[in-house]
Amino acid sequence: MSSLLSLPRELTVYTVGELHGRCLEALSAWSAPPEDALEVDAAEVEEVDAAGLQWLLSLSYGAAGEGREFALAEPSTALRRACEALGMNDWLRACAVDPSPGGRGSMSASFGGMA
Amino acid sequence: MSTEDPDAGFIAAALPAFVSEAQEQVEALEQLLLQLEDRPDDRELLDALFRCAHTIKGSGGVFGLDRLVGFTHHVETLLDQLREGQVRLSPALSTLLLQCNDQISALLAVAATPDADDIEAAARREALVTQLRTVCDTGAGSAGSAPPQKCAPAGGTLRHWRLSVRFGHDTFRHGMDPLAILDYLRRLGSVSELACDLAAVPALDQIDPESCYLGFAFDLASEASRAQIDGAFDFVRDDCVLQMTEIEKSSAPREAFGRTSADEPTAPTPGVGASTESAPAPAAVTARAGTALEDTRYIRVQADRLDAVINMLGELVTASAGASLLARQTRQGSLIEANLQIASLVEEIRNGTLQLRMVPIGETFARFRRVVRDIASELDKDVTLEIVGGDTELDKSVVERIADPLMHLVRNSLDHGLETAAQRVAGGKPAQGRLTLAAWHESGSILIRISDDGRGIDRDKVLQRAWARGLVEPGVVPADADILKLIFEPGFSTAEKVTSLSGRGVGMDVVRSNIEALRGTVALSSEPGRGSHVEIRLPLTLAIIDGFLVSVGSSKFIFPLDSVVEVIERRTPVTALDAQGRCIVELRGRPLPVLDLRGLYALDTSAPDRSSVVVIRCGPSSFGVMVDQLLGQHQTVIKPLSRMFRSLRGMSGSSILGNGEVALIFDVHTLNQLAVEPPASSRLTPRQLNHTGASATIYSQGQ
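In this report, the structure presented in the accompanying data block is examined.

Quick notes on the rules
Residues numbered from 1 in each chain as written. Chains lettered and ligands numbered in written order. Predicted model: local features only at pLDDT ≥ 70, side-chain atom pairs only at ≥ 80, totals over all residues. Heavy atoms only, no water. Core = buried A, V, L, I, M, F, W, Y, C linked by side-chain atoms within 4.5 Å. Buried < 20%, exposed > 50% of the residue type's maximum accessible area, 1.4 Å probe, protein only. Helix = DSSP H or I, 4+ residues; strand = E, 2+ residues; numbered from the N terminus. Contact = heavy atoms within 4.5 Å. Buried area = accessible area lost by both parts, 1.4 Å probe. Salt bridge = Lys/Arg side-chain N within 4 Å of Asp/Glu carboxyl O. Polar contact = N/O pair within 3.5 Å; in protein donor to acceptor, adjacent residues only side chain to side chain. Phe/Tyr/Trp six-rings, centres within 6.5 Å; stacked < 30°, edge-to-face > 60°. Lys NZ or Arg CZ within 6 Å of the ring centre and 35° of its normal. 1 Å grid on protein atoms, 1.4 Å probe; cavity = no way out; pocket = protein on both sides within 12 Å on 5 of 7 lines; lining within 4 Å. Points joined across faces, edges and corners; volume = space filled by probe spheres on them. Nonpolar A, V, L, I, M, F, W, Y, C, P; charged D, E, K, R; others polar.

Some details on the nonpolar core
So, step 1. Membership of the largest hydrophobic core comes to 63 residues, with the highest contact counts inside it found for A:Leu7, A:Leu56 and A:Leu72.
So, step 2. It is helix H2 (residues 50-65) of chain A that contributes the most residues to this core, eight residues altogether.
So, step 3. Aside from chain neighbours lying at most four places away, what touches A:Leu56 is A:Leu7, A:Leu11, A:Val40, A:Phe70, A:Leu72, A:Leu79 and A:Trp91.
So, step 4. Within the second largest apolar cluster, 46 residues are counted, among which are B:Phe365, B:Leu406, B:Leu463 and B:Ile487.

Some words on the interface of chain A and chain B
So, step 1. Residue-level contacts link 28 residues of chain A with 29 residues of chain B.
So, step 2. Of the roughly 2,200 Å² buried at the junction of chain A and chain B (both faces included), carbon and sulfur atoms supply 64%.
So, step 3. Taken together, the connections running from chain A to chain B amount to zero salt bridges.
So, step 4. The tally of links from chain A across to chain B stands at seven residue pairs in polar contact (both at pLDDT 80 or more).
So, step 5. For the side of chain A that touches chain B, the elements supplying multiple residues, two or more each, are helix H1 (13-29), H2, helix H3 (77-85) and helix H4 (89-95) of chain A.
So, step 6. In terms of residues, the side of chain A that touches chain B owes the most to one element, H2(A), which gives nine residues.

Observations regarding the packing of aromatic side chains
Residues and elements named next belong to chain B.
So, step 1. A full pass over the atoms with the stated rule returns five aromatic pairs over all chains.
So, step 2. Aromatic ring contacts, followed pair by pair, group Phe557, Phe559, Tyr601 and Phe666 into a single cluster.
So, step 3. Sitting over the face of the ring of phenylalanine 50, arginine 83 holds its NZ or CZ atom 4.1 Å from the ring centroid.

Things to note about empty space enclosed by the protein
All names here are of chain B.
So, step 1. Applying the stated criterion across every chain, the model contains six cavities of 30 Å³ or more.
So, step 2. The computed volume of the second largest cavity comes to approximately 70 Å³.
So, step 3. Forming the boundary of the second largest cavity are Phe50, Arg51, His54, Arg83, Ala227, Asp230, Gly231, Asp234 and Arg237.
So, step 4. Elements with a minimum of two residues in the lining of the second largest cavity: helix H2 (43-62) and helix H7 (226-231).
So, step 5. Considering only residue class, the lining of the second largest cavity consists of two nonpolar, two polar and five charged.

Now the structure itself:
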């Protein structure tokens, strides 16, 4: 399984608008079979605020709306902390995917490259 | 360049704005304190008071005004205890707080000069702080004895709060992060039962990623006061609906810092959004958010920029009138039409722009609450101030310049007019005196009336004084109305003992000249034993009016359009013209005094065969003015009359017409006096009594 996108280092209100636009583009170009989970790579996230979390949540809702699973691959410590602080632990538990050896890397299309 | 320089520059540039905003907070504080005297338990007032002090302290800190911050901190502490119910408001405490407020105001006044602190002021501040501390200490000590709320423990005990907050869409855009607020609250105490309401977050295709859709509900166990917790939301106040209730919780908080809701169900609590609407508690909070929203609808504009716009507008009005005139001369229909359209747009802009300067007079009136309170207690009198028509609007520059004369008149009423409670009861009046400030619009002017139900003015005393001062020949008794006018003469004072408040004899003539400088008039009436009224009539604006242009011979005159009732054809007068060019004509069976401008101003032209009479209303009476030609409506930019023409009675200003000619603007009020004053005797009254347009209202008309 490959991640649709990697989340940037800064997932805040300052980056979320741009990220949103790119994500919509990526999704429209994405033609995975419906049983595939929508996965995002969250290992890089170092800085996150409520706007960033809210956007992630919205992304997961969007996936659920299409009947897909949503997977948050290797959520970073910063992201885990923020989820906890905002009372989103259950949501995080439901969609976090533990790191698996070789699970990510060259396959994941980096978002920065697409823009 | 060192890093401090730009900071210093920024602070110097922003300081005036801070001072003016903080002064507004000080004024608000004063009003709130005075209102609090009537409703000592009003939670909203208490909250607002605290917030004002908090704001002053907070922004003062940004500017490094240590004295201000230090002093305001003590005031804030006391206000916090007040709203926590630990201290009860007493008249003495109210006075103390008002004095503290004055002190804050004084500190603000010297904010720009950090070194200007004299020993005396510092000592006064120290004394106030000592008093504040004493009150605070006793308050904290006696907290248990009279708790108005179900639970009012002294600071230091753990209290439990249940908070629910729903953030507005713009929260992120305003740079606020709910996460940071939660973090801040975690520093105040321990957060538990945290539930984030995620239900409102839309799916990806509908979300605006920069809008906030979040809400939270959580419990907070903290030793902090309600104010401190509430303060966490200060920066999102306008953007959120906050509900905060204190809850009973006997057990110790279950969760320690850092381990918040791992075991709690984080399913969206359906109640978060709904409860804020249905619960009774947040009414105050939402109401406050409402007023805050209203505040943001204002833009601060520098007054001189506005003045510059209005000056330009005056030029525009004149230029547009000139263009219209030229267009008419060309007799080209389309050009005339285009000019008419421009003229109507200019008129709309004019009205809109002048509206910008209009402010309600209520703010000025409200300042007198404090004056009345302080002076009445100083004089040991019981006086209530009633304000009527506070929402009446008039030009800001007029409002500013009328405040001083009003102050003097109010002080006069308190000092001389109103009696002590004992005297009032002896005179068969209610013990509490009544002072009324009223304002209303009347035909293009604003009327302000200061009335009291005191002892009234003793005409004999006035006359005695006037004789003694040589204002009137000894033994001569002028008409009743004229006697009262003597009070406005320079150097007149009836007070038997000169007090610190009034009666220095520098007052009433200054009041009159201030009002005249605004093109206004002042009139006084009094009924012995029943009270007195002072009525001030002011023009709505000092800049531009709608005028009605007429001509007599080659001279052009302008009436304020508001005062023109009708125009009739000239008819045969019932009486012959007298020496001042006046006659009476019959209008619908009633006599109408008519002025002939040729006679009045000795215009050296012959009358045409046909002429008209413009009927002018002035208060309850009307009069006519004979004119040769009616030239129609005219947007009139008022220019002051030069000194040379000041002695001309009946004129209030001049205006430049589109073709460069000068027209004189009538002062309807004095013109009316000219029309109705008795023909011969009036010439015998001292000339200065009636000079240029002021103070000479005849009372039966003024009422």
